[in-house]
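Understanding the architecture of this molecule
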Amino acid sequence: MINNNNIINIYNQNINKNNINGSFYIGDYPFFYKINSYYEYKKELNGYKKIKQYYNVPKLIYNNAEDNSGILIYEYNKNIYDNHGLLVDYFAKNNTITKDFILILENYKDIFEKTLKYKYTKNIDIFFKDRVKSRLEKYYNEDFYNSLNALKPIKFKNETINLQKVQKIIEDVKKFYTLRKQTYTVISQCDPNDLNICEDGMILDYLCGGDTPLMAEFATFIWYYIAQGEYLSLKYNKKAFEKHDEICKKKNDVSLSDNCLRFNIRQIRKDAINMYIDLIIEPIIKKTNYENWYEEFKNYLSMKILAVFNLNNMEQKDKILSLAYLIIFYEKDNIKSTDDLKKFLNSIY
């Protein structure tokens, strides 16, 4: 006979700025749920329907919406448990790339090649264009720029960086998002972070599932692997890693002394980035003669640097780290090929 007192058990719960999500058991059966605003619920549901055509995803068990919110309940991947099952756990226990990670990249390569199109898309505006008003214009005002004016140039990665350049860059980023151009798109969920991809290749989180500018997907991947996955996210979104906290042992170190900034990433992350470029990005750029790809890339990357976390709420060294990378990437004007990009990246890791 079933003990009704213990029939439903909560495994974890996250109350985020944009949603509530978590997992629970009914008896021995695990489920994952997400509660969103009605708008994000509809986007997530539509994204799921598009992503499931190409990627391994959990089964959607139930969905329903009222006037202001909606809930989605999925089967829970039983391979995910404490410090196991997600890509974050893979990076916590590995120092070199293995076949498991290569298989995940090869799957992305195959899907991107199948779904590559040249078109207009608004699908990812919630992560990018919409954040100009909701985040850039709110976070970065005259007080912010004035605080930078008092800072001396920073020495970082053999470069001297003038932080007063940030205001002009942010204005240029805003201008980029006033344009609506056709671009090369692929089917993805545009948030390939370590918590959204399972070690078995299953894809989680579908808010922006569907037609994604290739350079938006690429920029999201790059910034996560450089600075978020083993530093910024661990520090400023710590709760998300509670069940997968072994990665904290790999946390990078940032130091700022005498206007010299120091930061390095692990070799496995560098190798993952180079492999992603070689396997996925380079063939598409060559195939399409994609001439303005770096212009798009740097503007998508800039939004990831500026509009995931509010830099005003960061420790000074972390704010300067983010702005240093912003300036280095945005001012680079001689990148024409993926070989150029790899040489550049390997000089600033």
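Note that the structure is predicted; figures quoted are calculated from it, not measured.

Turning next to unusual backbone geometry. We note that Asp 205 has phi near 75°; this positive angle belongs to a residue other than glycine. Tracing the backbone through its elements, the reader meets Asp 205 in the loop between β9 (183-188) and β10 (210-213). With phi around 65°, Asn 259 is a residue other than glycine that occupies positive phi space. Looking at the secondary structure, you find Asn 259 in the loop between β11 (254-257) and β12 (260-263). Judged by its relative accessible area of 29%, Asn 259 is partly exposed.

In this section: empty space enclosed by the protein. Per the counting criterion, the structure on display carries two cavities of 30 Å³ or more. Considered as a void within the structure, the largest cavity measures approximately 50 Å³ in volume. If you list the elements that add at least two residues to the lining of the largest cavity, you get α3 (99-115) and α7 (214-236). In terms of residue count, the dominant contributor to the lining of the largest cavity is α3 (four residues). Classifying every residue of the lining of the largest cavity by side-chain character gives ten nonpolar, no polar and one charged. Estimated volume of the second largest cavity: approximately 40 Å³.

A few words on the state of the cysteines. Considering all chains together, one arrives at zero disulfides under this definition. Not engaged in a disulfide, the cysteine Cys 198 finds its nearest cysteine sulfur in Cys 190; these two sulfurs lie 18 Å apart. Residue Cys 248 stays outside any disulfide, its sulfur separated by 19 Å from that of Cys 198, the closest cysteine.

Moving on, we come to the packing of α3 against helix α8 (residues 267-288). At their nearest, the axes of α3 and α8 sit 10 Å apart, and the two run at 20° to each other. In terms of their interaxial angle, α3 and α8 are classed as roughly parallel. When the axes of α3 and α8 are compared, the crossing they make is right-handed. Where α3 abuts α8, its residues Phe 101, Ile 102, Leu 105, Glu 106, Tyr 108, Lys 109 and Phe 112 lie against Ala 272, Met 275, Tyr 276, Leu 279, Ile 280 and Ile 284.

Here we have five strands laid out as an open sheet, ordered β1-β2-β3-β5-β4, and antiparallel in their pairing. Two strands lie at the open edges of the sheet, namely β1 (8-15) and β4 (60-65), each paired on one side alone. Across the sheet, the mean angle separating the axes of adjacent strands is 15° when strand polarity is ignored. Sheet topology places β4 next to strand β5 (residues 69-75); five bridges connect them, and they run antiparallel.

With that settled, consider the environment of Arg 262. Tracing the sequence through the fold places Arg 262 in strand β12. Using a relative accessible area of 48% as the deciding quantity, one classes Arg 262 as partly exposed. For the pair Arg 262 and Lys 157, spaced 105 residues apart in the sequence, the C-alpha separation amounts to 7.8 Å. With sequence-adjacent residues up to four places away left out, Arg 262 is seen in contact with Asp 253, Val 254 and Ser 255.

Turning our attention to the layout of surface pockets. It is the rolling of a water-molecule-sized probe over the atoms that shows where space remains empty. By volume, the second largest pocket is sized at about 350 Å³. Going through the elements one at a time, α6 (166-176) and α9 (293-307) are the ones with two or more residues in the lining of the second largest pocket. Taken together, the residues that form the lining of the second largest pocket break down as eight nonpolar, four polar and seven charged.

On to the pairing of β12. In β12, alternate side chains face the same way, and those of Leu 261 and Phe 263 are buried while those of Cys 260 and Arg 262 on the opposite face are not. With four bridges connecting them, β11 and β12 associate as antiparallel partners. Paired with Ser 255 across the two strands is Arg 262, which belongs to β12. Here β11 folds back onto β12, and the loop between the two strands holds two residues, one of which, Asp 258, carries a positive phi near 50°.

There is a patch of nonpolar side chains on the surface, built from Ile 15, Ile 20 and Ile 35 and spanning about 240 Å² of accessible area. Tracing the backbone through its elements, the reader meets Ile 15 in strand β1.

What follows concerns the sheet that holds β10. Taken in spatial order, the three strands line up as β6-β9-β10 in an open sheet, and their pairing is antiparallel. One side of each edge strand has no neighbouring strand; the edge strands of this open sheet are β6 (117-119) and β10. Between one strand axis and the next, the sheet turns by 50° as a mean value, whatever way the strands run. Here β6 pairs with β9 via three bridges, running antiparallel. Pairing of Lys 119 across the sheet is with Thr 183, part of β9.

With that out of the way, let us pick up the side chain of Asp 211. Tracing the backbone shows Asp 211 in strand β10. Judged by its relative accessible area of 14%, Asp 211 is buried. Here Asp 211 is in contact with Lys 119, Thr 121, Asn 123, Ile 124, Thr 185, Val 186 and Ile 187, once residues within four sequence places are set aside.

What counts and what doesn't
- Residues numbered from 1 in each chain as written.
- Predicted model: local features only at pLDDT ≥ 70, side-chain atom pairs only at ≥ 80, totals over all residues.
- Heavy atoms only, no water.
- Helix = DSSP H or I, 4+ residues; strand = E, 2+ residues; numbered from the N terminus.
- Buried < 20%, exposed > 50% of the residue type's maximum accessible area, 1.4 Å probe, protein only.
- 1 Å grid on protein atoms, 1.4 Å probe; cavity = no way out; pocket = protein on both sides within 12 Å on 5 of 7 lines; lining within 4 Å.
- Points joined across faces, edges and corners; volume = space filled by probe spheres on them.
- Nonpolar A, V, L, I, M, F, W, Y, C, P; charged D, E, K, R; others polar.
- Disulfide = S-S within 2.5 Å.
- Axes fitted to C-alpha atoms, helices over the stretch in contact; angles between N-to-C directions.
- Parallel < 35°, antiparallel > 145°, perpendicular 65-115°, else oblique.
- Left-handed = near helix turned anticlockwise from the far one by under 90°.
- Contact = heavy atoms within 4.5 Å.
- Pairing = 2+ DSSP bridges.
- Patch = residues over 30% accessible without salt bridge, like charges linked within 9 Å, V, L, I, M, F, W, Y side chains within 5 Å.
- Areas by Shrake-Rupley, 256 points an atom, 1.4 Å probe, with all protein chains shown as cover.
- Salt bridge = Lys/Arg side-chain N within 4 Å of Asp/Glu carboxyl O.

By themselves, these observations are geometric and do not establish any function.
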